[in-house]
Amino acid sequence: MLQSIPIIDICTLADDIKQDDILISRFAPYLDAHKNLFFPHRHSFYHLVLFTAGGGSHTIDFEKFDVKPGQIYFMVPGQVHSWDFEGFVDGYIINFSSSFIQSFLLRSGYFDNFNFLSSTNPQDEVIDLPAEQLTAIVNLFENIIAEVEKPAALGSDMVKLLMLQIFITISRIQGKDESRVKQGYNQTLIRNFQKLIEQHYIDVKLPKDYAELLYITPNHLNAVCKDVLGLAAGEVIRNRTLLEAKRLLTNPKLSISEIAFNLNFSDNSYFTKFFKKIEGITPEEFRKKTLNNKS
């Protein structure tokens, strides 16, 4: 498959504090060293930023969010994002691979406990921290910076412990909003469905095929999707294809025909009809609108 837009790897980000599969820095110097990251790009790693100063906006998978002090955002590998800051911006940034912290965990699926690390919905990943929690979280980031700047015995393990404290604290903050917490069998089923879509959306298009992989009936899958997500199972699958189409369209070097081929559409016309039916505009119009906004 043709590469859609630049994919940034941790090892390509030089002149920062690094150890193993992790990069940790205060945000202002990181931003100064990587001005090229303002354009839309993907990461091959997990990425989190806590803003403590500044304004402007950042975009994750085509959803725009205002930058504000006390906001933290998380991104999973593969998502597309860009920045459009106004004036001085500061905070903290941690880029880390899955293997860095998974090696510290007893359960391989532990990340599934944290919605912001297992979801690809930007609304789950951008969190405005309550003022009463902000100081404690800033202190955790400061402790991580201190561990990296003055390495000590077992320093890597201490960084992992501090990161887990951040994740648990954020999860508890999210948990106070009962509307965002859906526990039990249905939520587990939806997570497994979404994982399968992520693996197979190029080649597997029908809910009945995913239902078979999940050992349930298509009607059951559809009912659970409507209950938990408010969407039919087919819509969930189509939305993932649409998201990838949008990502590919941010690369002006790819023709519409190439994108249709990459997404396994039978022809360019069918892809255009699919895109317009959901998005309301053609792929060409979406590309022009998106690229004009970045110029």
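Our subject is the structure listed above.
Residues numbered from 1 in each chain as written. Predicted model: local features only at pLDDT ≥ 70, side-chain atom pairs only at ≥ 80, totals over all residues. Heavy atoms only, no water.

Moving on to helix α12 (residues 268–279). Taking 1.5 Å of rise per residue, twelve residues should cover 16 Å, and α12 covers 16 Å from first to last C-alpha, within 8% of that figure. By the burial criterion, the buried members of α12 are Phe271, Thr272, Phe274 and Phe275. Buried residues of α12, viewed axially, fall in a sector of 160°; they line one side. Opposite the buried face of α12, by more than 90 degrees, sit the exposed residues Lys273 and Lys277. (Helix = DSSP H or I, 4+ residues; strand = E, 2+ residues; numbered from the N terminus. Expected span 1.5 Å × (residues − 1). Buried < 20%, exposed > 50% of the residue type's maximum accessible area, 1.4 Å probe, protein only. Arc of directions from axis to C-beta.)

Turning our attention to unusual backbone geometry. One non-glycine residue, Asp61, lies in positive phi territory at about 45°. Along the chain, Asp61 falls in the loop between β5 (46–60) and β6 (63–66). Judged by relative accessible area, Asp61 falls into the buried class, the value being 7%. Positioned with a positive phi, Tyr215 is a non-glycine residue whose angle comes to about 60°. Here Tyr215 lies in the loop between α8 (207–213) and α9 (218–228).

A few words now on the packing of aromatic side chains. On inspection of all chains with the given rule, the structure shows 22 aromatic pairs. Ring centres of Phe27 and Trp83 lie 5.3 Å apart, and the angle between their planes is 90°; this geometry places the pair in the edge-to-face category. A residue pair is termed long-range when its members are at least 10 positions apart, and Phe27 in helix α1 (residues 27–33) and Trp83 in strand β8 (residues 80–96) qualify at 56 residues. A relative accessible area of 0% places Phe27 in the buried class. (Phe/Tyr/Trp six-rings, centres within 6.5 Å; stacked < 30°, edge-to-face > 60°.)

Tracing the chain through its elements places Asp227 in helix α9. You can call Asp227 exposed: its relative accessible area is 54%. A polar side-chain atom of Asp227 sits 3.3 Å from a polar atom in the side chain of Asn186. (Polar contact = N/O pair within 3.5 Å; in protein donor to acceptor, adjacent residues only side chain to side chain.)

Before going further, it helps to spend a moment on the pattern of salt bridges. In a structure, side chains of opposite charge can pair up when their charged atoms sit close to one another. One pass over the full model with this rule turns up nine salt bridges. Of the charged contacts, one joins Arg247 and Asp61 as a salt bridge, the two residues approaching to 2.7 Å between their closest N and O atoms. A residue pair is termed long-range when its members are at least 10 positions apart, and Arg247 in helix α10 (residues 233–249) and Asp61 in the loop between β5 and β6 qualify at 186 residues. Between Glu279 and Lys246 there is a salt bridge; the shortest N-O distance is 3.2 Å. Here Glu279 is found in helix α12, whereas its partner Lys246 is found in helix α10, with 33 residues between them in sequence. Classification of Lys246 as buried rests on a relative accessible area of 14%. If you follow the salt bridges from partner to partner, you end up with Arg42, Asp61, Glu198, Arg240, Glu244 and Arg247 in one network. (Salt bridge = Lys/Arg side-chain N within 4 Å of Asp/Glu carboxyl O.)

Interpretation in functional terms is not warranted from these geometric data alone.
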